[in-house]
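Given next are the chains, with one letter for each unit.
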Amino acid sequence: MVAGIGIAVVGIGIAVWGTMLLFDLRGAATRSVERRNAVRAVTAARTGDLSLTEPSRFGRGFFRFLGAVLAPGGLFLALVGAVIASLG
């Protein structure tokens, strides 16, 4: 029963995060792109690899697609967790 509740809670969290990325709520996809480019710039400065100074090819579309996959997957995981919790 506890495992089912835990799985359901994780599934709801994944669904919320996926929805934020999918619909770009509060600029989630845009901030993800900016964060990825900033990390690449810091890594380039540390390693001296100049190929990392170029912006990432993954734009907002990639993170919105990721949200489109995560949102229904999280809902399915929440449903599985609720079924496991109800059986136990």
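Source: prediction; values computed, not measured. (Residues numbered from 1 in each chain as written. Predicted model: local features only at pLDDT ≥ 70, side-chain atom pairs only at ≥ 80, totals over all residues. Heavy atoms only, no water.)

Draft legend 1. Up close: the environment of Leu52. Within the fold, Leu52 resides in the loop between α2 (28–47) and α3 (60–87). On a C-alpha basis, the gap between Leu52 and Thr30 in space is 19 Å, while along the polypeptide they are 22 residues apart. Setting aside its immediate chain neighbours within four residues, Leu52 contacts Arg40, Ala41, Thr43, Ala44 and Thr47. (Helix = DSSP H or I, 4+ residues; strand = E, 2+ residues; numbered from the N terminus. Contact = heavy atoms within 4.5 Å.)

Draft legend 2. Focus on the packing of helix α1 (residues 2–22) against α3. Packing of α1 against α3 brings their axes to within 7 Å, and their N-to-C directions diverge by 160 degrees. Regarding the angle of α1 to α3, the classification is roughly antiparallel. Judged by the sense of rotation from one axis to the other, the crossing of α1 with α3 is left-handed. Looking at side-chain class alone, the contact of α1 with α3 contains 21 nonpolar, seven polar and one charged residues. (Axes fitted to C-alpha atoms, helices over the stretch in contact; angles between N-to-C directions. Parallel < 35°, antiparallel > 145°, perpendicular 65-115°, else oblique. Left-handed = near helix turned anticlockwise from the far one by under 90°. Nonpolar A, V, L, I, M, F, W, Y, C, P; charged D, E, K, R; others polar.)

Draft legend 3. A look at α1. Counted at 1.5 Å a residue, the expected span for α1 with its 21 residues is 30 Å, and the 30 Å between its end C-alpha atoms agrees. Residues Gly4, Ala8, Gly11, Ala15, Gly18 and Leu21 constitute the buried set of α1. The arc that holds every buried residue of α1, seen down its axis, measures 145 degrees, which confines them to one face. Exposed side of α1, more than 90 degrees from the buried face: Val2 and Val9 are the residues found there. Looking at the buried side of α1, the elements it contacts are α2 and α3. Phi for Asp24, located one or two positions after α1, is positive at around 55 degrees. (Expected span 1.5 Å × (residues − 1). Buried < 20%, exposed > 50% of the residue type's maximum accessible area, 1.4 Å probe, protein only. Arc of directions from axis to C-beta.)

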